[in-house]
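# Coordinate analysis (summary)
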Amino acid sequence: MRLPRAPRTALLICVAAATLAACSGSDSDSDGHSSGSAGSTRTGAAAPSAAADGRRSVVTFAGSSPLGSAALRHNADRMRARAEALGLTDVRVEAREGTITVTGPTADEKRLTELGASGRLGFRPVLAAETLSPSLTPQPSPSPDPARGRAVTEGLRPRATGSASAGAAPGPAEGSAADAALQRRFAVLDCSQRRKPTEADASARDSVVACGADGGADSPPVKYLLGPTAVDGAHVASAEAAYGRQGSGWTVRLDFDNIGTEQFAAVTADLSAKQAPQNQFAIVLDGAVISAPSVSQTLGGGEAEISGSFTRESAEQLAVTLDSGALPNPLAVTEVTRLPPA
């Protein structure tokens, strides 16, 4: 049961500069949803992704290191809860022989695979950001257009990421061996194919490098050097998919707990006094930056709304992943088997 709290300020985070137009008041979303039907969708509301044809798939997951029976059961229980929340009634999740298998309709194979997403969310301050051209040469980003995008709170606006050299934003211990190593990792990080970095499992206390997953196919890739986690996803009390107001499309609404609300206010107060790109914080999901908005004032509210090029299905998938909490252990798909029709 959620404890009563003081009214919060909602804030809207557009997931990518390339998709900001989707936040400016279009008349319908990609699913044909009328803009006059704003609201949220909760547990079990997902529609089937395709007509059942009798074919079934088995997706096998394993831990990055061997997992004991108790750990397997805990991960399987959370994946089972995610499937139930998504309305995937014809899905079986089993833990056995060091692996977890998820069996369900082949039409839902993508969603079966996403049940094993770690779901580790964190808000990290941006130390440096570099926008790359297709030739991998750093290029200045276009100036932000204040007429595009929307924010319920004016203190947080999505902004195109400015370019920065790898050495433009030193870490907290400039000149140290650790800082030099971090700068080298940032310099060599290749986000040209929008690959996720190898630091998805880094400690929340460490600075990391990461690729942006927020751009569309036509937008230039962005790489980031990020400070330690300022607000952990464990302090997201709830998440839900909702059709945005004023025709802004499908969004994911986050509600912080009391600790998260206090931490979010503290980090935005600190960032608002800095220059770009160090006045930005990155929203990092499983090692990839899904948004990096800038901050111009302290935000004391406890709610956030992530908006972008979501369909109903993708918004529900993200909301359920975040609402269920991160899996106890990171998993990877080791095999996908498609069974013949019964």
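The structure reproduced in this document is the subject of the present report.

Thresholds applied
- Residues numbered from 1 in each chain as written.
- Predicted model: local features only at pLDDT ≥ 70, side-chain atom pairs only at ≥ 80, totals over all residues.
- Heavy atoms only, no water.
- Helix = DSSP H or I, 4+ residues; strand = E, 2+ residues; numbered from the N terminus.
- Expected span 1.5 Å × (residues − 1).
- Buried < 20%, exposed > 50% of the residue type's maximum accessible area, 1.4 Å probe, protein only.
- Pairing = 2+ DSSP bridges.
- Disulfide = S-S within 2.5 Å.
- Core = buried A, V, L, I, M, F, W, Y, C linked by side-chain atoms within 4.5 Å.
- Contact = heavy atoms within 4.5 Å.
- Lys, Arg positive; Asp, Glu negative; His and termini not counted.
- Salt bridge = Lys/Arg side-chain N within 4 Å of Asp/Glu carboxyl O.
- Axes fitted to C-alpha atoms, helices over the stretch in contact; angles between N-to-C directions.
- Parallel < 35°, antiparallel > 145°, perpendicular 65-115°, else oblique.
- Left-handed = near helix turned anticlockwise from the far one by under 90°.
- Nonpolar A, V, L, I, M, F, W, Y, C, P; charged D, E, K, R; others polar.
- Phe/Tyr/Trp six-rings, centres within 6.5 Å; stacked < 30°, edge-to-face > 60°.
- Lys NZ or Arg CZ within 6 Å of the ring centre and 35° of its normal.

### Observations regarding helix α1 (residues 69–85)
In this model, α1 (17 residues) spans 24 Å end to end at C-alpha, consistent with the 24 Å of a helix rising 1.5 Å per residue. For α1, the complete set of buried residues consists of Leu 72, Asn 75, Ala 76, Met 79, Arg 82, Ala 83 and Ala 85. Two residues or fewer after α1 comes Gly 87, characterised by a positive phi angle close to 75°.

### A look at the pairing of strand β8 (residues 208–212)
Most of β8 sits out of view: 5 of its 5 residues are buried. Pairing geometry for β8 and strand β9 (residues 222–226), over 4 bridges, is antiparallel. Pairing of Val 209 across the sheet is with Leu 225, part of β9. Where β8 lies against strand β14 (residues 288–291), 2 bridges are found, and the strand directions are parallel. Within β14, the position partnered with Cys 211 by the bridge is Ala 288.

### Things to note about the state of the cysteines
One pass over the full model with this rule turns up 1 disulfide. Here Cys 191 is linked by a disulfide to Cys 211, with a sulfur-sulfur distance of 2.0 Å. Given an S-S torsion of about -90°, the disulfide between Cys 191 and Cys 211 has left-handed geometry. Within this pair, whereas Cys 191 is found in the loop between α3 (177–188) and β8, its partner Cys 211 is found in strand β8, the two being separated by 20 residues in sequence. Across the pair, exposure class does not vary: Cys 191 and Cys 211 are buried alike.

### Structural notes on the nonpolar core
Counting residues in each nonpolar core, the largest one holds 27 residues, and the members touching the most others are Leu 121, Phe 123, Val 252 and Leu 254. Beyond its immediate chain neighbours, meaning those up to four positions away, Val 252 contacts Ala 239, Glu 240, Ala 304, Glu 305, Ile 306, Phe 310, Ala 315, Leu 318 and Ala 319. Membership of the second largest hydrophobic core comes to 19 residues, among which are Leu 67, Leu 86, Ile 100 and Leu 112.

### Notes on the side chain of Arg 82
Within the fold, Arg 82 resides in helix α1. For Arg 82, which is buried and forms no salt bridge, the nearest opposite charge comes from Asp 286, at a distance of 7.2 Å. Apart from the residues lying within four places of it in its own chain, the contact partners of Arg 82 are Glu 114, Leu 115, Gly 116, Ala 117, Ser 118, Gly 119, Val 320, Thr 321, Ser 324, Gly 325, Ala 326 and Leu 327.

### Digging into helix α5 (residues 312–324)
Over its 13 residues, α5 extends 18 Å from the first C-alpha to the last, a length consistent with the 18 Å expected when each residue adds 1.5 Å. Buried residues of α5: Ala 315, Glu 316, Gln 317, Leu 318, Ala 319, Val 320, Thr 321 and Leu 322, and no others. Backbone geometry just after α5 places Gly 325 at a positive phi near 90°.

### Quick look at the packing of α1 against α5
Packing of α1 against α5 leaves a shortest axis separation of 10 Å and a crossing angle of 140°. As far as their axial angle goes, α5 and α1 are oblique. Crossing of α1 over α5 shows right-handed handedness. When α1 is examined against α5, the residues Arg 78, Arg 82 and Ala 85 are found in contact with a partner set consisting of Val 320, Thr 321 and Ser 324. Looking at side-chain class alone, the contact of α1 with α5 contains 2 nonpolar, 2 polar and 2 charged residues.

### As for the sheet that holds strand β3 (residues 56–63)
Sheet strands associate in pairs through backbone hydrogen bonding, adopting either a parallel or an antiparallel arrangement. Spatially, β4-β5-β3-β17 is the arrangement adopted by the 4 strands of the open sheet, whose pairing is antiparallel. With one partner strand each, in any of the chains shown, β4 (92–96) and β17 (331–339) form the two edges of the open sheet. Mean inter-strand twist for the sheet, computed between neighbouring axes without regard to direction, equals 20°. As defined by bridge partners, β3 adjoins strand β5 (residues 99–105) across 6 bridges and the pair is classed as antiparallel. Across the sheet, the residue bridging to Thr 60 is Thr 101, located in β5. Across the sheet, α1 lies against β3, β4, β5 and β17, angled at about 175° from β4, the strand it touches most.

### What about the packing of aromatic side chains?
The tally for this structure, following the rule as stated, stands at 6 aromatic pairs. Over the aromatic face of Phe 186 sits the side chain of Lys 223, whose NZ or CZ is 5.1 Å from the ring centroid.

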